[in-house]
There are 4 protein chains.
Amino acid sequence: ADTARLIVSGIDRPRIVSNITGCLSQFGANIIESQQFSTEAHGGLFFLRIEFHVSCLRMILPELELALTYHANAYGLSWRLVPVADVKRMAIMVSREEHALNELLMRWRSGDFLADISMVISNHPHHGKAVESLGIPYHYIPVTPDTKSAAEDKQLELLSGNVDFVVLARYMQILSPRFVERFPYRIINIHHGLLPAFAGANPYRAAKERGVKLIGATAHYVTSELDAGPIIEQDVTRVDHRHGVAELRRRGSHLERSVLATAVSWHVQDRVIVHGNSTITFTN
Amino acid sequence: ADTARLIVSGIDRPRIVSNITGCLSQFGANIIESQQFSTEAHGGLFFLRIEFHVSCLRMILPELELALTYHANAYGLSWRLVPVADVKRMAIMVSREEHALNELLMRWRSGDFLADISMVISNHPHHGKAVESLGIPYHYIPVTPDTKSAAEDKQLELLSGNVDFVVLARYMQILSPRFVERFPYRIINIHHGLLPAFAGANPYRAAKERGVKLIGATAHYVTSELDAGPIIEQDVTRVDHRHGVAELRRRGSHLERSVLATAVSWHVQDRVIVHGNSTITFTN
Amino acid sequence: ADTARLIVSGIDRPRIVSNITGCLSQFGANIIESQQFSTEAHGGLFFLRIEFHVSCLRMILPELELALTYHANAYGLSWRLVPVADVKRMAIMVSREEHALNELLMRWRSGDFLADISMVISNHPHHGKAVESLGIPYHYIPVTPDTKSAAEDKQLELLSGNVDFVVLARYMQILSPRFVERFPYRIINIHHGLLPAFAGANPYRAAKERGVKLIGATAHYVTSELDAGPIIEQDVTRVDHRHGVAELRRRGSHLERSVLATAVSWHVQDRVIVHGNSTITFTN
Amino acid sequence: ADTARLIVSGIDRPRIVSNITGCLSQFGANIIESQQFSTEAHGGLFFLRIEFHVSCLRMILPELELALTYHANAYGLSWRLVPVADVKRMAIMVSREEHALNELLMRWRSGDFLADISMVISNHPHHGKAVESLGIPYHYIPVTPDTKSAAEDKQLELLSGNVDFVVLARYMQILSPRFVERFPYRIINIHHGLLPAFAGANPYRAAKERGVKLIGATAHYVTSELDAGPIIEQDVTRVDHRHGVAELRRRGSHLERSVLATAVSWHVQDRVIVHGNSTITFTN
């Protein structure tokens, strides 16, 4: 209960680390895990993630935040402090295929994600029973070309203020820029191709046609440009001439499951920092 | 000495396998390894690779070829019979970077490739000493935009009739269609990106800019379209935000070495069959 | 519906393959997939798996079996013919941890396994609701040191004649030789260590103590000797000094899931042949 | 030239990190890379590796060391400061097989290791020419059961004071405890098995007999107990029933090459810290 994560970024200057760790020390904090990254040896950008334990976190929080504000202002840093007990709320959006949804539910039930699943939204009705049996609200919102805008209104109404991030677990509708802007770098999509190869529709078919020997999956943050947002995690599996498109899809589905679950788990633990169109991933 | 490989392809029909294996049996052949692939359950294309042992191979070869011709004609099949003792002759072409060349030389010395290295051709002089110390002829042929056509003339003169296939071990000059046509599906290139992503120049820089989490290497047959020929083998290695372009290049170089060596080894053993713009790889 | 698998093994002699494929040809069969393996170039053991399509399989089956018997007798071969429509019936046995069970159920629902799950047997009651909601009978049979023998009686009564093979999906009770003998090479266990390392109890703890950099999981057939049966499939994942035993267990659980699912899928498709204490795996 | 690494370990207490980074700051150091690890949330052991840049490193070194001594004494810490310009000197010991030696030489020539190769010692004469052509002294010291002790005397005489660490690149003689003690945690061996499985002689044969589906290689520090020292790095490659012992050896040799090279590279960069019989590997 007394654990928190501190994420800091800014222009790299001497003494940043010693000042911040010194500040934490003054509150009696013990650093459990610390990772930092500088884009250059001198004067580049600086990124820091510290996970620490401190007694009576809630009580000292206002004072600690004041002290961090002081240091951050002195060095022009951005920062956020996240008590681990402030569990993130996620929404899952899903279309017909259930494998990614099921993986997330399975890991959530086993305690792998320290996060709440606030709701599942789908343009298909048939996952409702399984989702609701876990006590998670399921919202069936059909989407057609004509109703897409109205459907997004409904989705946003459900999401606004109720979730911290959104996971597209094989949600096959393209979100409008208006939707995406409401959750900057807080929508995680799983693409069933090894981006930047095979962006867009039918990546397995395209992979088969090109005759690749590895197929991949990519978890990334959604931006207004399709399949072009910052990549969080990728992985591949070996295929060969014997495997048709259906078999690529089957093999790929297991890859999609694990890559998406890993990306969600890193996001939940504040291990992913967006930098330009890339991510810094302080993995564990 | 009495081992051979039989590669067969054509339109799939019943009884092909039994006729061919029956034919081999009549000569007392023992099948060591056999792989086949059909593109469809019925009436697609059929590919077969059989490695067999037979006593007095050289003596019975003419008769065996006659018998195979008979069956092939009956079914409209293409085939080739390769005595394992007929060692393939390869040329290596290389530019400045030596890692891929060195890997091939190292594996060749350890007996991994059952092939001869007939020559090394380079547009740089500095690998000459190492290559010649192994008893392999080294031809330094400088290439400039003005001399490129004349250089290719020289290269082709050296290669013609003297080699069975060509390996581009990080040879950074684009070969003209005229050159490529002389060795159809017998030029193997190693591309330092996971095709179809990052085709063309500077793949590591492009990979860094896109923020990928895996970098790859691709061995493929060279066709007239740059980096678009049939893929033989690919592999990836994990990278992250800490790795700059130079570090990607360093890590990628080890990948290039192993992917190229694997592709060459399969080609040498007649394990790669081109089908459309893909390959069937009967791997071991 | 008209597809079948033929598995053949015996002492290697010339003409076996041509005779068997010729026999299939006479029935108009078309070979979809064929794999063979000989332990020696001459006179070793011979293993063959052919998947073929033939019109009116059920009708010609008796005649085909007669013909195969004839050839098998002539060469002293063992063989079995498995119509793909003869779906195997599996039982799953599981203790407290649910991840392996859930993976099997998830893949079964998505049609990955062409098999029936006839029942789930557990020494814990708490998976019952989830299993029964899928229409699968769940048998809760508590096991204590005193009741173990009686519990096995009950288990065997349920299984006998009702299942073709048994999957131990993290079933933490050691089966008696009497039980094992009833299902020779038809009980698949997932061991949470990379055998032969870390056999027995607490493999993750032992792995941590030895300071390994990779942890693994092993699917194997159960024999009377603990964790010593023929290995079907193995895989590893990378760990480091930061990961405690609980984290190894968490990471390993995902490995166990995929390794077990792969092994079950190969077994269901008759791709695994036991040879001595090893397996020949004609993978796809 | 002005870069150094600071390695610190001891009992974990609050303020260690802030004091040490504060101390570095006072000298105007800029932290390039920093990794830390604590075995427990409170009061366990603490390990820190910082790579930093500072102007005029050589000039300020005595003062910096004084300051670090002060802090280390206050907290009871062990530490060492390694200027990157102080290039480590390695000896390579090798027997008949050359693949691991060649890999190290190839990487050294390409600048992968920031280290000197002071000498190669072998109980076989035949690598001499290749090694000496690179300007590296080659010492052929035959070893027989009778001469082993005298041979070690010669080896130690050559090594003493002349090298910082020793790499056993498939050196097949077991070193005596007397030898090992002279280089505590400074002898790196490559074992051709995935320890703790297949320790001792003939690991590939043992792997074949057990029917494993993955073979591995392990780089570890040599201690007086055979193949039982702290593991630095491991990796695996997939094998199957078709691969005999010779093929396992061939495939394994490539694994040995890369695993050993990685371990040497981490050791050279002071990324490996021994803790009990495990290693903390602050990898890059």
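Since we're looking at a predicted model, the values are computed, not measured. (Residues numbered from 1 in each chain as written. Chains lettered and ligands numbered in written order. Predicted model: local features only at pLDDT ≥ 70, side-chain atom pairs only at ≥ 80, totals over all residues. Heavy atoms only, no water.)

Visitor: So what's going on with the overall build of chain A? Residues and values would help.
Guide: Counting secondary structure elements, chain A contains eight helices and 13 strands. Across the 284 residues in chain A, those meeting the buried criterion constitute 60%. Of the contacts formed within chain A by residues at least 6 apart in sequence, a portion of 66% connects residues at least 24 apart. In the structure as shown, chain A presents an accessible area of about 11100 Å², 52% of it carried by carbon and sulfur atoms. Across chain A, the mean location of the 29 positive side-chain charges is 6 Å away from that of the 29 negative side-chain charges. (Helix = DSSP H or I, 4+ residues; strand = E, 2+ residues; numbered from the N terminus. Buried < 20%, exposed > 50% of the residue type's maximum accessible area, 1.4 Å probe, protein only. Contact = heavy atoms within 4.5 Å. Areas by Shrake-Rupley, 256 points an atom, 1.4 Å probe, with all protein chains shown as cover. Lys, Arg positive; Asp, Glu negative; His and termini not counted. Charge placed at Lys NZ, Arg CZ, Asp CG, Glu CD.)

Visitor: An account of the relation of the copies chain C and chain A is needed here, citing residue identities and associated values.
Guide: Screw-axis analysis of chain C against chain A gives a translation of 0.0 Å along the axis, an RMSD of 0.0 Å, and a rotation angle of 180 degrees. On the angle and the small slide along the axis, the relation comes out as a two-fold axis. The position closest to the rotation axis in chain C is occupied by the C-alpha of Glu103 of chain C, lying 4.5 Å away. Interface overlap between copies is the fraction of interface residues in one copy that are interface residues in the other; for chain C against chain A it reaches 100%, indicating a shared surface. (Least-squares fit on C-alpha atoms with pLDDT ≥ 70 in both.)

Visitor: Tell me about the pattern of salt bridges, and please be specific about residues and values.
Guide: In this structure the tally under the stated criterion is 92 salt bridges over all chains. Measuring nitrogen to oxygen at the nearest pair gives 2.6 Å for the salt bridge that ties Glu103 of chain B to Arg257 of chain B. Taken as a pair, Glu103 of chain B in helix α3 (residues 99-109) and Arg257 of chain B in helix α8 (residues 245-268) lie far apart in primary sequence, 154 residues in all. Its relative accessible area of 4% is what places Arg257 of chain B among the buried residues. Between Asp240 of chain D and Arg242 of chain D there is a salt bridge whose closest N-O contact spans 3.0 Å. Taking relative accessible area as the criterion, Asp240 of chain D reaches 18% and is therefore assigned buried. (Salt bridge = Lys/Arg side-chain N within 4 Å of Asp/Glu carboxyl O.)

Visitor: I'd like to hear about helix α2 (residues 57-75) of chain D, residue by residue, with values.
Guide: Residues and elements named next belong to chain D. At Glu63, α2 shows its maximal kink, close to 35 degrees. Within α2, the full set of buried residues consists of Leu57, Ile60, Leu61, Leu64, Ala67, Leu68, His71, Ala72 and Tyr75. Two residues or fewer after α2 comes Gly76, characterised by a positive phi angle close to 65 degrees. (Bend = angle between axes of the 7 residues up to and from the residue.)

Visitor: I'd like a description of the side chain of Arg210 of chain A, backed by residues and values.
Guide: In this fold, Arg210 of chain A is placed in helix α7 (residues 203-210). No salt bridge is formed by the buried Arg210 of chain A, whose closest oppositely charged neighbour, Asp227 of chain B, lies at an N-O distance of 7.7 Å. Look past the residues within four positions of Arg210 of chain A in its chain and what remains in contact with it is Phe198 of chain A together with Pro196, Asp227, Ala228, Gly229, Ile231, Asn277 and Ser278 of chain B.

Visitor: Now, about the interface of chain C and chain A: what can you tell me, with residues and values included?
Guide: At the junction of the two partners, chain C supplies 17 residues and chain A supplies 17 residues. Buried area between chain C and chain A, both sides added, is near 1500 Å², and the carbon and sulfur share of it is 37%. Where chain C meets chain A, there are six salt bridges. Across the contact surface, chain C and chain A share 14 residue pairs in polar contact (both at pLDDT 80 or more). Breaking the side of chain C that touches chain A down by element, the ones donating at least two residues are α3 (99-109) and α8 (245-268) of chain C. Residues belonging to the side of chain C that touches chain A are distributed by class as follows: one nonpolar, six polar and ten charged. (Buried area = accessible area lost by both parts, 1.4 Å probe. Polar contact = N/O pair within 3.5 Å; in protein donor to acceptor, adjacent residues only side chain to side chain. Nonpolar A, V, L, I, M, F, W, Y, C, P; charged D, E, K, R; others polar.)

Visitor: Tell me what's going on with the environment of Val268 of chain B, and back it up with residues and numbers.
Guide: Residue and element names in this part refer to chain B. Summarising the element assignment, Val268 is placed in helix α8. As a C-alpha pair, Val268 and Val84 span 184 residues in sequence and 9.7 Å in three-dimensional space. With near-sequence residues (within four places) excluded, Val268 lies in contact with Arg5, Lys88, Leu114, Ala115 and Phe165.

Visitor: Residue-level account of the sheet that holds strand β7 (residues 138-140) of chain A, with values.
Guide: Residue and element names in this part refer to chain A. What the seven strands build is an open sheet, ordered β7-β6-β5-β8-β9-β10-β11; its pairing is mixed. Single-partner strands in this sheet number two, and they are β7 and β11 (231-238). Across the sheet, the mean angle from the axis of one strand to that of its neighbour is 20 degrees, orientation sign disregarded. Set on the sheet, helix α3 (residues 99-109) makes contact with β5 (88-94), β6 (115-122) and β8 (165-168); between it and β6 the angle comes to about 160 degrees. (Pairing = 2+ DSSP bridges. Axes fitted to C-alpha atoms, helices over the stretch in contact; angles between N-to-C directions.)

Visitor: Tell me about the domain arrangement of chain A, and name the residues and values.
Guide: Residue and element names in this part refer to chain A. For chain A, the assigned domains are domain 1 (3-83) and domain 2 (88-281). Centre-to-centre separation of domain 1 and domain 2, based on C-alpha positions: 32 Å. Counting residues at the interface gives twelve residues for domain 1 and nine residues for domain 2. Between domain 1 and domain 2 the total buried area reaches about 840 Å² when both faces are included, carbon and sulfur atoms providing 56% of it. Looking at the side of domain 1 facing domain 2, the largest losses of area belong to Arg5, Phe47 and Arg49, adding up to 48% of the total buried there. (Domains from an automatic or database assignment.)

Visitor: Can you tell me about the sheet that holds strand β6 (residues 115-122) of chain C, naming the residues and giving the values?
Guide: Two strands in a sheet stick together by hydrogen bonds in their backbones, pointing the same way (parallel) or opposite ways (antiparallel). Residue and element names in this part refer to chain C. Read from one edge to the other, the open sheet built from seven strands follows the order β7-β6-β5-β8-β9-β10-β11, with strand pairing classed as mixed. Edge positions in the sheet fall to β7 (138-140) and β11 (231-238), since each of these pairs with one other strand and no more. If you compare each strand with its neighbour and ignore which way they point, the axes differ by 20 degrees on average. In the sheet, strand β10 (residues 214-221) pairs with β11 via seven bridges, with the strands oriented antiparallel. Paired with Ala219 across the bridge in β11 is Glu233.

Visitor: Tell me about the pairing of strand β8 (residues 165-168) of chain D, and please be specific about residues and values.
Guide: Residue and element names in this part refer to chain D. Side chains Phe165 and Val167 of β8 all project onto a buried face; the interleaved residues Val166 and Leu168 project onto the opposite face, where all are buried too. Note that strand β5 (residues 88-94) and β8 share four bridges and pair parallel. Within β8, the position partnered with Met90 by the bridge is Phe165. Here β8 pairs with strand β9 (residues 187-191) via three bridges, running parallel. What sits directly across from Val166, in β9, is Ile187.

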